[in-house]
Amino acid sequence: MTDSKYFTTTKKGEIFELKAELNSDKKEKKKEAVKKVIASMTVGKDVSALFPDVVNCMQTDNLELKKLVYLYLMNYAKSQPDMAIMAVNTFVKDCEDPNPLIRALAVRTMGCIRVDKITEYLCEPLRKCLKDEDPYVRKTAAVCVAKLHDINAQLVEDQGFLDTLKDLISDSNPMVVANAVAALSEIAESHPSSNLLDLNPQSINKLLTALNECTEWGQIFILDCLANYTPKDDREAQSICERVTPRLSHANSAVVLSAVKVLMKFMEMLSKDLDYYGTLLKKLAPPLVTLLSAEPELQYVALRNINLIVQKRPEILKHEMKVFFVKYNDPIYVKLEKLDIMIRLASQANIAQVLAELKEYATEVDVDFVRKAVRAIGRCAIKVEQSAERCVSTLLDLIQTKVNYVVQEAIVVIKDIFRKYPNKYESVIATLCENLDSLDEPEARAAMIWIVGEYAERIDNADELLESFLEGFHDESTQVQLQLLTGIVKLFLKKPTETQELVQQVLSLATQDSDNPDLRDRGYIYWRLLSTDPVAAKEVVLAEKPLISEETDLIEPTLLDELICYIGTLASVYHKPPSAFVEGGRGVVHKSLPPRTASSESAESPETAPAGAPPGEQPDVIPAQGDLLGDLLNLDLGPPVSGPPLTTSSVQMGAVDLLGGGLDSLIGGTNFVAPPTAAVPASLGAPIGSGLSDLFDLTSGVGTLSGSYVAPKAVWLPAMKAKGLEISGTFTRQVGSISMDLQLTNKALQVMTDFAIQFNRNSFGLAPAAPLQVHAPLSPNQTVEISLPLSTVGSVMKMEPLNNLQVAVKNNIDVFYFSTLYPLHILFVEDGKMDRQMFLATWKDIPNENEAQFQIRDCPLNAEAVSSKLQSSNIFTVAKRNVEGQDMLYQSLKLTNGIWVLAELRIQPGNPSCTDLELSLKCRAPEVSQHVYQAYETILKN
């Protein structure tokens, strides 16, 4: 008979009868009674009254009965802690039972009973089980340590269980090793600061040996543990990769993704010149393709992970485009994800195939999918320039179908194509204008208005077209209203005589009849511009627009590097770091990829550039509209969270390759004289991005306490603009640390408290390294001085000008915003001295068009004074020589994000009539040159 009989009962006084049966002398009757108790417990009846009777049944040799009693114990121990102590004695006895299954069962149950009173009694049996001769018992005990740590961490540490767990990593049985790793990882997650998994090459070797023999979930634990290890050099990284690669052919997709994560992480350290690097790229493609033959839910998880992998290393799957073609029976979520990856992999080689496929998709029945397909055609045009013409003609064919939503999406993407390729495809405007009446979606209407306004001089009836939109102005969405306002102003500036009434009509609609502040403000700005200075209005409104980039939806490089470390976890599906969705942030550690080794740095190959981008050029990630202000206005003014360190790939101004051919001829190599001032040579073997870690490396021996030049404090936020709070400040750099020295003055009549500060994203990732601490309330007419330490590991976004910093300060009264310009020399790091050979090679390697010439006027200093003054601000003289009575100083400096700037400074000593210095700067990111010149001038003249 089946076990269902235990769930059906018609008897009265059930508990009383069960009590009698549990105390029966007959073993069979006892077992039946315990089964009935478990059945009642399962359906939610309270049988806790039977606790002492059930515990008495523990004294048995019958394994099945023992399991049932243990099950009951786990459920009710929490509500009956005093009674649960009765069971302790049996646990202790069971942990010495000759049968290893019973020993393991006892230790497993002990771990599941979450009662503080009992835990201390369990330490001795657990200690024995951790050293048990049977591996099954040891592996169960290892997991029990993690459970016990969750209940009482201090007890586990005092009893020395963590050391025993670490010893189990060297166990002879692979499953014991896997469980020990799992337990230590679990404990380490809840205590990020503790260095429990102290991995070294010896322990890594043991883990790799166990990897081949343990179960699939054991393999996942070991692979995840390996992913947290940073090899000491590329040889060790290669050796680990070679031993992990066989896991790629495992049947379990979780093992495959964990192996991919380890390989993606360690590939960072391998030189691209290595044959092995190419082999590894080839080996990574097949397992990822195989994941796409699983059921749709698994496919989706695989596709989300592949999306990250393709953004980091498109070359892995560049020949596998066909597997991402959509099947007719794919669910919509898989179709959309495949479409996204197809666009990321699109290149000149496969664009014909991709376009044919996308055109096919645009005739499907699923509206969402069709829209995404049409948008994808536009993205291909922007990404692969050679295909733009073919894409535009495909879009025109789709517009001819007259299917409403297809036409609207096509117009939206054609607008972007016009932005990318100005003056190339404007002949299609007439076709677009024919479809004006069918547009009913805000985005399509706004795109069409933009096109009409932007190309008003080519459209004869542009004023009539825009006027037709103006009729229902108040019913339009904000997006369309804003675009219409700008479009009509553009039209007026191009055809002022014919459209005067139209522009007045739209300005009065926007400013007087609208209650939308964005629209009203824009209307007033245009009104004042047009009425005070039409020439300036023309320069502002009809300014040349920057070309747009295809990769607008690329994940920000630092976030991408962090997500690569989370492949195969929920973070890789959400495309968000765990801190964004794990409540409370307990145990969330920011991860980042290991730094590139020196050998791999030199081997930057054009292959790494995304398809369509010129070699060696990172695609600019264009911030979404309104990002600059939006970021500041949506500030969460809590204490700052320091993000992961910037890796080389996140430097948006172009990576710096320091190696190149010799340049002895340029500066006549042999005439070099070493400079008189002693400076510590830069460690050129270090990775480029190491400027960040050097910020806190106070042992470099260079930083003297004098520090670099500090400008006097200036008023950044006047009291009038901040309800009585006046903020003055300056920036300093001393011994490798940057700080913002603030002076807060309360000119209001009320006390100010609860101060906090936050920065918007900026060009060099400046961010507060600690909260703004104003220890006492700021009384009226009181002033307080604060030094706020800064780090350079915040989010990066290119600002205009480059050294612009937007700041928000909050207090109990309000939130106040201001912006200030920081001097670039606070970002010059202490290891900015190049050796001479490297200087020569780099100078020659940087193209001549990147050279900028400046004059520093009225600076009557000799070469020694100039050199020592600049060195105190981390501008180092690499060499000095005299040519025809002129002193030539060759200097180098390095910014915190790893960008090197090389300088040649001409000084005319002993000539009082000529006190001007001539400065030539060479840099791979020429936009910093102007700011470096300003730093030179500031330092030398103060």
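See the structure printed just above.
Model, not experiment: these values are computed from the prediction. (Residues numbered from 1 in each chain as written. Predicted model: local features only at pLDDT ≥ 70, side-chain atom pairs only at ≥ 80, totals over all residues. Heavy atoms only, no water.)

In this structure the tally under the stated criterion is 36 salt bridges. Note that Lys713 is salt-bridged to Glu785, the shortest N-O span being 3.1 Å. Linking Lys713 in the loop between α36 (691-695) and β1 (714-717) with Glu785 in strand β6 (residues 783-791), this pair joins segments that are 72 residues apart in sequence. We note a salt bridge from Arg924 to Asp845, for which the minimum N-O separation is 2.9 Å. Within this pair, whereas Arg924 is found in the loop between β13 (917-923) and α39 (929-941), its partner Asp845 is found in helix α37 (residues 836-845), the two being separated by 79 residues in sequence. Linked by salt bridges that have partners in common, Arg371, Arg375, Glu409, Glu441 and Glu443 make up one network. (Salt bridge = Lys/Arg side-chain N within 4 Å of Asp/Glu carboxyl O. Helix = DSSP H or I, 4+ residues; strand = E, 2+ residues; numbered from the N terminus.)

A word on unusual backbone geometry. With an omega of -10°, the peptide bond running from Glu800 to Pro801 counts as cis. Assignment of secondary structure puts Pro801 in the loop between β6 and β7 (804-810). Phi angles above zero are rare outside glycine, and Asn781 is one such case at about 65°. With respect to the element layout, Asn781 can be found in the loop between β5 (767-768) and β6. For Asn874, which is not a glycine, the phi torsion comes out positive at approximately 65°.

Before going further, it helps to examine the environment of Pro442. Its place among the elements puts Pro442 in helix α25 (residues 442-454). Distance from Pro442 to Gln479, taken between C-alpha atoms, is 6.8 Å for residues 37 residues apart in sequence. Here Pro442 is in contact with Ser477, Gln479 and Val480, once residues within four sequence places are set aside. (Contact = heavy atoms within 4.5 Å.)

The strands making up a sheet are joined through hydrogen bonds of the backbone, oriented either antiparallel or parallel. Pairing is antiparallel across the open sheet formed by three strands, whose spatial order is β4-β7-β8. If you trace the sheet from one side to the other, it starts and ends with β4 (756-759) and β8 (815-821), each paired once. The sheet shows a mean angle of 25° between the axes of neighbouring strands, taken without regard to direction. By the bridge criterion, seven bridges tie β7 to β8 in an arrangement that is antiparallel. Across the sheet, the residue bridging to Leu805 is Thr820, located in β8. (Pairing = 2+ DSSP bridges. Axes fitted to C-alpha atoms, helices over the stretch in contact; angles between N-to-C directions.)

As a further point, take the nonpolar core. If you look at the biggest cluster of nonpolar residues, it comprises 213 residues, and the most contacted ones within it are Tyr72, Phe91, Val244 and Phe418. Once residues within four sequence positions are removed from consideration, Phe91 is found in contact with Met58, Tyr70, Leu73, Ala106, Thr109, Met110, Ile113 and Leu122. Listed in part, the 63 residues of the second largest apolar core include Ile757, Leu778, Val807 and Ala863. (Core = buried A, V, L, I, M, F, W, Y, C linked by side-chain atoms within 4.5 Å. Buried < 20%, exposed > 50% of the residue type's maximum accessible area, 1.4 Å probe, protein only.)

The next subject is the pairing of strand β3 (residues 737-746). Of all 10 residues in β3, eight are buried, a share of seventy percent or more. Sheet topology note: the strand β2 (residues 725-734)/β3 ladder contains 10 bridges and is antiparallel. Bridge assignment links Leu725 to a residue of β3, and that residue is Asn746. Between β2 and the antiparallel strand that follows it, β3, lie two residues; Val735 among them carries a positive phi value of about 45°. Pairing geometry for β3 and β6, over eight bridges, is antiparallel. Looking across to β6, one finds that Ile738 is bridged to Leu790.

All right, on to the sheet that holds strand β10 (residues 876-883) then. Read from one edge to the other, the open sheet built from five strands follows the order β9-β13-β12-β11-β10, with strand pairing classed as antiparallel. Each of the sheet's edge strands pairs with one partner strand only, and the pair in question is β9 (851-856) and β10. Across the sheet, the axes of successive neighbouring strands diverge by a mean angle of 20°, strand direction being ignored. Of the pairings in the sheet, the one linking β9 to β13 comprises six bridges and is antiparallel in character. The partner of Ile856 across the bridge, within β13, is Leu917. Docked against the sheet, helix α38 (residues 863-871) engages β10, β11 (886-894), β12 (900-907) and β13, running at close to 5° with respect to β11. Contacting β9, β11, β12 and β13, α39 crosses the sheet at an angle of about 25° to β9.

A few words on the packing of aromatic side chains. Per the counting criterion, the structure on display carries 11 aromatic pairs. An angle of 85° between the planes, with centres 4.8 Å apart, marks the rings of Tyr574 and Phe581 as edge-to-face. Residue Tyr574 is classed as partly exposed on the basis of its relative accessible area, which comes to 42%. The partly exposed category is assigned to Phe581, whose relative accessible area is 29%. In textbook terms, an aromatic cluster arises when at least three aromatic residues are bridged by ring pairs, as seen for Trp716, Phe731, Phe818 and Tyr822. (Phe/Tyr/Trp six-rings, centres within 6.5 Å; stacked < 30°, edge-to-face > 60°.)

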